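# Fold and contact review
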Amino acid sequence: MLIDKIEALKGQLAELTASNAEELENLRIKYLSKKGEMAALFNEFKTVSADQKRELGQRLNELKTIATEKINALKETIGTQQKEANKIDITRPSFPAQLGTRHPISVVRKQIIDIFSRQGFTLADGPEVEDDWHVFSALNFAADHPARDMQDTFFVEQDKDDVARNIVLRSHTSSVQVRTMETQKPPIRIICPGRVYRNEAITARAHCFFHQIEGLYIDKGVTFADLRQVLLNFAQELFGSETKIRLRPSYFPFTEPSAEMDVSCMLCGGEGCGFCKHTGWVEILGCGMVDPNVLEASGIDSKVYSGYAFGLGIERITNLKYMVKDLRMFSENDVRFLDEFKSAH
Ligand code: DAH
């Protein structure tokens with residue numbers, strides 16, 4: 001009977017749900033399209049007897065309104081749900097971004113620069129590809145000095161007959177001393193951080209490139225005592241105020257007298273332990289009074305001016321501060337190693 005079908009459909013319509021536009025469209029087709037259930041009932045309506053037409057016609061029209069309203073209502077709900085979903089919440093915290101870290105060499109370089117800056121040193125710079133003059137000759141290296149050998153230095157151009165024509169990758173940052181003395185008048189008080197190259201096999205303890213910081217102070221009346229005090233301040237700022245230093249006589253072509261500086265072992269405080277080979281001391285840098293020949297080679301009057309210089313390896317200091325045992329770690333860019341310096345900034 002048509003009346004039962006109308007009631008049944010009314011019941012169905014009340015229960016309808018759709019969770020997305022596609023489901024809704026299927027419902028619309030099922031109930032309201034030309035071949036849908038409503039259309040079927042209207043077809044059937046044609047066959048009912050004249051006395052029932054009025055009542056059933058009314059009910060059918062009511063049902064059609066209910067069906068249309070239901071579909072429209074569902075459409076609206078899906079629409080607002082969709083809108084909500086599309087809304088971008090700009091207040092939502094982003095996914096935690098992987099923060100990079102400073103390279104340990106950069107961390108320690110900055111610490112060292114900061115310490116010397118506070119003592120009046122300014123930064124100087126020079127090229128990594130250098131001529132023989134700035135790396136060797138002006139620094140009082142003899143023509144047959146072993147550093148001039150292919151085994152120790154990388155040559156960009158080598159002239160066997162005339163060393164003055166050699167072009168090398170600088171093997172130390174002392175070359176910047178010469179560059180600075182050539183272009184500035186005393187007083188000069190500079191430090192020069194930079195990369196240097198040596199013809200070494202790469203092992204845990206040696207590398208073909210590493211980093212140094214060179215220091216130079218030239219003025220009237222500069223003495224070894226000044227050098228000692230600046231280096232003591234440096235060591236105590238870097239390794240702690242209890243740190244002691246000692247200067248051992250040494251030799252460099254460009255300084256006279258020359259010394260190597262040790263600091264009291266940062267692990268045992270000088271008592272003696274495995275780290276300092278039971279001496280209580282670890283070596284950290286080379287230094288000395290600038291040789292008069294070096295001053296004169298760069299046009300500075302050695303009768304009027306004197307000065308001191310020092311040079312240290314940043315990798316060496318980093319090893320001592322952070323106990324890095326293998327030099328290769330510094331250039332492999334293994335993030336597991338680099339991440340360990342997150343808190344060192
Ligand atoms: N240039 C030296 C080296 O590479 C380090 C050095 C020692 C620099 C003594 C200096 C110095 O300025 O006075 O081993």
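None of these values were measured; they are calculated from a predicted model.

Next up on the list: the nonpolar core. Membership of the largest hydrophobic core comes to 46 residues, with the highest contact counts inside it found for Ile112, Phe234, Ile284, Leu285, Tyr308 and Phe310. Of all the secondary-structure elements, those providing two or more residues to this core are helix 5 (104–118), strand 6 (209–219), helix 8 (224–239), strand 8 (255–264), strand 9 (281–290), strand 10 (306–313), helix 10 (314–322) and helix 12 (335–338). Looking at this core, the element that brings in the most residues is helix 8, giving eight residues. One finds Leu139, Val294, Ile300 and Ala309 within the second-largest nonpolar core, a separate group that totals 24 residues.

In any sheet, the strands associate via hydrogen bonds between backbone groups, in a parallel or an antiparallel arrangement. The three strands are arranged 2-4-3 in an open sheet whose pairing can be described as antiparallel. The strands lining the two open edges of the sheet, one partner per strand, are strand 2 (129–131) and strand 3 (155–157). Averaged over all pairs of adjacent strands, the angle between strand axes in this sheet comes to 35°, irrespective of strand direction. By the bridge criterion, three bridges tie strand 2 to strand 4 (residues 167–169) in an arrangement that is antiparallel. Counterpart to Glu130 in the pairing with strand 4 is Val168.

This model, assessed by the stated rule, comprises 13 aromatic pairs. A ring pair is formed by Phe330 and Phe337, whose centres lie 5.9 Å apart and whose planes are at 70°; its orientation type is edge-to-face. Phe337 carries the same exposure label as Phe330, and that label is buried. Put simply, the rings of Phe116, Phe121, Tyr217, Phe234, Tyr308 and Phe310 pair up and form one aromatic cluster. One cation-aromatic arrangement involves Arg189 over Phe121; the distance from NZ or CZ to the ring centre is 6.0 Å.

A separate point is the packing of helix 1 (residues 2–15) against helix 3 (residues 37–45). One can describe the packing of helix 1 onto helix 3 by two numbers: an axis separation of 11 Å at closest approach and a directional angle of 165°. Of the possible angle classes, the one that applies to helix 1 and helix 3 is roughly antiparallel. At the point where helix 1 passes helix 3, the crossing takes the left-handed sense. For the pair helix 1 and helix 3, the contacting residues are Leu2, Lys5, Ile6, Leu9 and Gln12 in the first and Glu37, Met38, Leu41, Glu44 and Phe45 in the second. Residues belonging to the contact of helix 1 with helix 3 are distributed by class as follows: six nonpolar, one polar and three charged.

Our next topic: a nonpolar patch on the surface. A surface patch of nonpolar side chains, about 250 Å² in accessible area, is lined by Leu267, Phe275 and Met323. Mapped onto the secondary structure, Met323 falls in the loop between helix 10 and helix 11 (329–332).

Under the domain assignment, the protein chain is made up of domain 1 (2–86) and domain 2 (104–344). Computed from C-alpha atoms alone, the centre-to-centre distance between domain 1 and domain 2 is 89 Å.

Helical geometry note: an α-helix holds 3.6 residues per turn, so side chains three or four residues apart project in the same direction. Between its first and last C-alpha, helix 1 extends 20 Å over 14 residues, near the 20 Å set by a 1.5 Å rise per residue. When helix 1 is considered as a whole, its buried residues turn out to be Leu2, Ile6, Leu9 and Leu13. The arc that holds the buried residues of helix 1, viewed along the axis, is 65°, so those residues lie on one side. Facing away from the buried side of helix 1 by more than 90 degrees, the exposed set consists of Ala14 and Glu15. On the buried face of helix 1, the contacting elements are helix 2 (21–32), helix 3 and helix 4 (50–86).

Contacts to the ligand come from 15 residues, most closely from His172, Ser174, Arg198, Gln212 and Glu214. Within the side chain of Gln212, one N or O atom sits 2.9 Å away from an oxygen atom of the ligand. For the ligand, an oxygen atom lies 2.5 Å from a polar atom in the side chain of Glu214. Look at the ligand: alone it shows 360 Å² of surface, and the protein chains cover 89% of it.

One open sheet holds the seven strands; their spatial order is 1-5-6-10-9-8-7, and the pairing between them is mixed. At either margin of the open sheet sits one strand with a lone partner, and together these are strand 1 (122–123) and strand 7 (245–252). Taken together, the two bridges between strand 1 and strand 5 (residues 188–197) define a ladder with parallel strand orientation. The residue of strand 5 that forms the bridge with Leu123 is Ile191. Strands in contact with helix 7 (residues 175–183) are strand 5, strand 6 and strand 10; relative to strand 6, the strand with the most contacts, it is inclined by about 35°. Against the sheet, helix 10 touches strand 6, strand 9 and strand 10, its axis set at about 150° to strand 9.

What counts and how
Residue positions within a chain follow its written sequence, with the count starting from 1. Side-chain atom pairs in this predicted model are given and counted only at pLDDT of 80 or more, local residue features only at pLDDT of at least 70, and totals for whole chains, interfaces and linings cover all residues. Derived side-chain values reflect all non-hydrogen atoms in the structure, with water molecules and hydrogen atoms excluded from consideration. The nonpolar core is taken to be a set of buried Ala, Val, Leu, Ile, Met, Phe, Trp, Tyr and Cys residues, with the residues joined through side-chain atoms within 4.5 Å. Burial here depends on accessible area, computed with a 1.4 Å probe over protein chains only, as a share of the maximum for the residue type. Under 20% is buried, over 50% is exposed, and the range in between is partly exposed. By definition, any uninterrupted DSSP run of H or I lasting at least four residues is a helix, any uninterrupted run of E lasting at least two residues is a strand, and each is numbered from the N terminus. Two strands make a pair as long as DSSP finds a minimum of two bridges between them. Axis angles are defined between N-to-C directions and span 0 to 180 degrees, where every axis is a line fitted to C-alpha atoms and, for a helix, only to the segment in contact. The aromatic pairing rule takes the rings of Phe, Tyr and Trp, using the six-membered ring of Trp, and pairs them if the centres are within 6.5 Å, calling planes under 30 degrees apart stacked, those over 60 edge-to-face and the rest tilted. The rule for a charge over a ring is simple: NZ of Lys or CZ of Arg within 6 Å of the ring centre, and within 35 degrees of the ring normal. Each angle is binned into one of four classes, with values under 35 degrees roughly parallel, values over 145 roughly antiparallel, values of 65 to 115 roughly perpendicular, and all other values oblique. Rotating anticlockwise by less than a right angle from the far helix to the near helix defines a left-handed crossing, while the corresponding clockwise rotation defines a right-handed one. Whether two residues are in contact is decided by their heavy atoms, any of which lying within 4.5 Å being enough. Residue polarity follows a fixed list, in which Ala, Val, Leu, Ile, Met, Phe, Trp, Tyr, Cys and Pro are nonpolar, Asp, Glu, Lys and Arg are charged, and the others, Gly among them, are polar. Like charges within 9 Å and nonpolar side chains (Val, Leu, Ile, Met, Phe, Trp, Tyr) within 5 Å are joined into patches, using only residues over 30% in relative accessible area that form no salt bridge. Throughout, the Shrake-Rupley method with a 1.4 Å probe supplies accessible areas, and for residues the shown protein chains are the sole cover considered. For salt bridges, the criterion is a side-chain nitrogen of Lys or Arg within 4 Å of an Asp or Glu carboxyl oxygen. Note that the domain bounds were set by an automatic or database domain assignment. Expected helix span is given by 1.5 Å per residue-to-residue step, counting one fewer step than there are residues. Picture the helix axis, draw a direction to every C-beta atom, and the arc is the one those directions span. Being near a molecule or strand, for a residue, comes down to having at least one heavy atom within 4 Å of it. Polar contact is defined as a pair of N or O atoms within 3.5 Å, subject to the rule that within protein one atom must be able to donate a hydrogen and the other to accept it, and that residues adjacent in sequence are counted only when both atoms are side-chain atoms.

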